[in-house]
Amino acid sequence: MIRTSPILMCPPRHFEVSYSINPWMDPGHGVVDRDRALAQWQALRDLLAQWSPIVELEPVPGFPDMVFTANAGLVLGRKAVVSRFYHEERKGESPYFQHFFESRHFEIHPLPDAIYFEGAGDALFDRGAPRLWAGSGWRTDRSGHGWLARTLGCEVVGLELVDPRFYHLDTCFCPLSDGSLLYYPAAFSENSQSLIAERIPATRRVAVETQDALAFSCNAVNIDRAVVLHAASPALREALEHRGFSVQVSPLDEFLKAGGSAKCLTLKLEEELASPGG
Ligand code: ARG
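Residues numbered from 1 in each chain as written. Predicted model: local features only at pLDDT ≥ 70, side-chain atom pairs only at ≥ 80, totals over all residues. Heavy atoms only, no water.

(A) Seen up close, the site of the ligand. With respect to spatial proximity, 17 residues lie near the ligand, and among them Asn22, Arg90, Arg139, Asp170 and Ala258 are the closest. Between Asn71 and the ligand, the recorded distance is 2.9 Å, taken from a side-chain N or O atom to a nitrogen atom. One nitrogen or oxygen atom from the side chain of Asp170 is found 2.7 Å from a nitrogen atom belonging to the ligand. Notes on the ligand: free accessible area 340 Å², of which the protein chains cover 100%. (Near = heavy atom within 4 Å. Polar contact = N/O pair within 3.5 Å; in protein donor to acceptor, adjacent residues only side chain to side chain. Areas by Shrake-Rupley, 256 points an atom, 1.4 Å probe, with all protein chains shown as cover.)

So, in structure tokens, the structure goes:
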């Protein structure tokens with residue numbers, strides 16, 4: 001049985017694109033329509049609330065990217081690792097996230113010094129095996145993966161991201177509840193593509209085309225049989241439906257201006273390792 005975890009979200013009352021830390025962000029052109037962003041966020045929240053309790057974090061002025069709660073940290077059971085952001089612009093979010101995890105009585109495991117780690121944006125649990133997939137290349141340090149494995153007590157498979165448009169692992173990689181994987185292979189180094197293929201057989205991999213990848217279709221929220229995403233081509237919809245998933249489109253183009261979409265706007269607060277061969 002898949003548990004329906006509560007989901008942390010942060011309303012976009014202070015959301016804007018006022019700096020650029022990834023290729024999607026263009027403060028000159030990508031002006032956010034705040035009301036539209038609020039409406040899109042609310043629609044996503046309402047959709048997810050059908051399956052999961054939503055926990056809201058108070059947004060803080062001056063931290064426009066705080067809406068992307070996937071980057072708050074990573075949780076497993078009662079353990080939480082709070083993010084240390086690579087970019088100056090987001091570093092000030094960490095104390096608010098830390099305070100949140102403390103208020104929920106998580107056991108906080110401080111990162112080793114000088115290790116960057118951007119939370120569930122760069123670290124996703126496999127749903128079919130007791131393993132964590134961890135991205136590196138743009139934000140999170142590869143050298144922190146060993147510490148994560150020891151702290152969480154599971155296998156950590158490091159994946160190298162090579163395309164700057166897919167700078168967080170969750171922009172191009174989404175483990176699904178049946179143990180399969182939705183992903184965009186070209187975002188990964190050849191070696192990382194092999195690491196994936198060695199662990200997930202071809203019949204369990206749903207590889208998206210570039211057009212879907214650029215529409216952030218891998219940045220999906222998967223709750224049991226539901227897959228919630230910004231957009232899906234007919235081919236992708238069919239591939240997911242064929243696997244028994246119900247595809248739920250929730251337009252989030254205001255957030256694409258900041259390089260984020262559905263999954264980035266959420267953090268599951270109850271995570272557990274899948275059982276071996278589960
Ligand atoms: N503008 C944000 C950044 O570049 C977007 C974060 C998206 N979050 C994610 N989990 N992919 O940091």
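Additional details are given in the paragraphs that follow.
(B) How the structure looks around the side chain of Ser192. By the secondary structure assignment, Ser192 is in helix α5 (residues 190-199). Sequence-distant contacts of Ser192, defined by excluding residues within four places in its chain, comprise Gly158, Leu159 and Glu160. (Helix = DSSP H or I, 4+ residues; strand = E, 2+ residues; numbered from the N terminus. Contact = heavy atoms within 4.5 Å.)

(C) Region of interest: the pairing of strand β13 (residues 226-229). Here β13 shows no split at all, with Ala226 and Val228 on one side and Val227 and Leu229 on the other all buried. Here 3 bridges tie strand β12 (residues 221-223) to β13, and the two strands are oriented antiparallel to one another. Following the sheet pairing, Asn222 is matched in β13 by Val227. The loop that links β12 with its antiparallel partner β13 comprises 2 residues; one of these, Asp224, has a positive phi angle of about 55 degrees. As paired elements, β13 and strand β14 (residues 246-249) share 4 bridges and run parallel to each other. Following the sheet pairing, Val227 is matched in β14 by Val247. Once the chain exits β13 it traverses helix α7 (residues 234-242) before rejoining the sheet at β14, and the crossover so formed is right-handed. (Buried < 20%, exposed > 50% of the residue type's maximum accessible area, 1.4 Å probe, protein only. Pairing = 2+ DSSP bridges. Right-handed = clockwise from strand over helix to strand, strands pointing away.)

(D) Fine view of the state of the cysteines. With the rule as written, the count across this model stands at 0 disulfides. The structure places no disulfide on Cys154, whose sulfur is separated from the nearest cysteine sulfur, that of Cys174, by 17 Å. (Disulfide = S-S within 2.5 Å.)

(E) Looking closely at the sheet that holds strand β11 (residues 205-207). If you trace the 3 strands from one edge of the open sheet to the other, you get β9-β10-β11, paired in mixed fashion. Looking along the sheet, the strands with just one partner apiece sit at the ends: β9 (173-175) and β11. In this sheet, adjacent strand axes meet at a mean angle of 15 degrees when their direction is disregarded. (Axes fitted to C-alpha atoms, helices over the stretch in contact; angles between N-to-C directions.)

(F) Structural context of the sheet that holds strand β5 (residues 107-108). Read from one edge to the other, the open sheet built from 3 strands follows the order β3-β4-β5, with strand pairing classed as mixed. This sheet does not close on itself; its edge strands, each paired only once, are β3 (73-76) and β5. Relative to strand β4 (residues 79-82), β3 runs antiparallel, the two sharing 4 bridges. Opposite Leu76, over in β4, you have Lys79 as the bridge partner. Helix α3 (residues 94-103) rests against β3, β4 and β5 of the sheet, and its axis sits at about 170 degrees to β4.

(G) How the structure looks around the nonpolar core. Counting residues in each nonpolar core, the largest one holds 33 residues, and the members touching the most others are Leu74, Phe97, Phe101, Leu132, Leu148 and Leu152. Counting only elements with at least two residues in this core, the list comes to β3, β4, α3, β6 (123-125), β7 (131-136) and α4 (145-152). Those residues in contact with Leu132 that sit more than four places away from it in its chain are Leu74, Ala123, Leu124, Phe125, Leu148, Leu152, Cys154, Glu155, Val156 and Val157. Listed in part, the 31 residues of the second largest apolar core include Leu124, Leu181, Val206 and Val208. (Core = buried A, V, L, I, M, F, W, Y, C linked by side-chain atoms within 4.5 Å.)

(H) Structural detail: α3. Looking only at α3, the buried set comprises Ser94, Phe97, Phe100 and Phe101. Here the buried residues of α3 occupy an arc of 120 degrees about the axis, which is enough to place them on one side. Exposed positions of α3 whose direction lies more than 90 degrees from the buried face are Pro95 and His99. Remark: His105 follows α3 within two positions and exhibits a positive phi of approximately 65 degrees. (Arc of directions from axis to C-beta.)

(I) The pairing of β7, seen in detail. Of all 6 residues in β7, 6 are buried; the element is thus mostly enclosed. Neither face of β7 is open: one carries Arg131, Trp133 and Gly135, the other Leu132, Ala134 and Ser136, and all of them are buried. In terms of strand pairing, β6 meets β7 through 3 bridges, oriented antiparallel. Across the sheet, Phe125 pairs through a bridge with Leu132, a residue of β7.

Fair warning: the whole summary comes from geometry, so function is off the table for now.
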